[in-house]
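Fold and contact review
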Amino acid sequence: MKTTTLAAVGIYSAGTIMAFICSYFFNLAMTNSDQYLALVGVIMADGFFGVIAGVKREGFQTFKALKVLKTLVSWIILLTTLLMVEKGFKGTSWLSETVLVPFIVFQLMSALKNASMAGFIKIEALNSILDKFDNHKGERN
């Protein structure tokens, strides 16, 4: 009887701890859902167009398609870590934006290039868009 009670207490304690951890991450994700959605959106768009462009160039390669998921999971873990640091330490609210904005810009440019290689965007439109990113270099000939 005593063993059954101790086992029940252990199970309830583990359940309580897991519920606390899950609710913490749920609240963190829901509070910052826009950042998570932006991150997932640009990675998936780049991956989608990249896989289509890759199929047209060299055929479907599972490793390259799975690389999209690896990138997605890695950046979600990084974003979660950054948001936990921001939440834990006052004055670090700039951290996630500083790290993620350059990544998102490069992913968007990669998605545009992949969409062009896949045939969804004309090369002239792509060049016009990319020229606006670095117009300090002058006009393209």
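This text follows the structure it describes.
This text gives an overview of the structure that appears in the document. What you see is a predicted model; the values in this text were computed from it and never measured.

1. Some details on the packing of helix α2 (residues 33-58) against helix α4 (residues 95-118)
Contact geometry of α2 with α4 gives a least axis separation of 8 Å together with a crossing angle of 30°. Taken together, the axis directions place α2 and α4 in an arrangement best described as roughly parallel. Considering only the axes of α2 and α4, their crossing is left-handed. A breakdown of the residues in the contact of α2 with α4 according to their chemical character gives 16 nonpolar, six polar and four charged.

2. Focus on the environment of Val42
For Val42, the position within the fold is in helix α2. With sequence-adjacent residues up to four places away left out, Val42 is seen in contact with Ile104, Gln107 and Leu108.

3. Structural notes on the nonpolar core
Counting residues in hydrophobic clusters, the biggest one holds 12 residues: Leu28, Tyr36, Leu39, Val42, Ile43, Val68, Leu72, Leu79, Leu83, Leu100, Phe103 and Ile104. Elements with a minimum of two residues in this core: α2, α3 (62-88) and α4. With residues up to four places along the chain from it excluded, the contact list for Leu100 reads Leu39, Trp75 and Leu79.

4. What about α2?
In this model, α2 (26 residues) spans 36 Å end to end at C-alpha, consistent with the 38 Å of a helix rising 1.5 Å per residue. Within α2, burial applies to Tyr36, Leu39, Val42, Ile43, Asp46, Gly47, Ala53 and Gly54. Gly59 lies just past α2 and shows a positive phi near 85°.

5. Some words on the packing of α2 against α3
Between α2 and α3, whose axes approach to 9 Å, the crossing angle comes to 165°. Judged by the angle between their axes, α2 and α3 are roughly antiparallel. Along this stretch, α2 crosses α3, giving a crossing that reads as right-handed. In contact with Gln35, Tyr36, Leu39, Val40, Ile43, Met44, Gly47, Val51 and Glu58 of α2, α3 contributes Lys64, Ala65, Val68, Thr71, Leu72, Trp75, Ile76, Leu79, Thr80 and Leu83. Split into classes, the residues belonging to the contact of α2 with α3 amount to 13 nonpolar, four polar and two charged.

The rules behind each value
Residues numbered from 1 in each chain as written. Predicted model: local features only at pLDDT ≥ 70, side-chain atom pairs only at ≥ 80, totals over all residues. Heavy atoms only, no water. Axes fitted to C-alpha atoms, helices over the stretch in contact; angles between N-to-C directions. Helix = DSSP H or I, 4+ residues; strand = E, 2+ residues; numbered from the N terminus. Parallel < 35°, antiparallel > 145°, perpendicular 65-115°, else oblique. Left-handed = near helix turned anticlockwise from the far one by under 90°. Nonpolar A, V, L, I, M, F, W, Y, C, P; charged D, E, K, R; others polar. Contact = heavy atoms within 4.5 Å. Core = buried A, V, L, I, M, F, W, Y, C linked by side-chain atoms within 4.5 Å. Buried < 20%, exposed > 50% of the residue type's maximum accessible area, 1.4 Å probe, protein only. Expected span 1.5 Å × (residues − 1).

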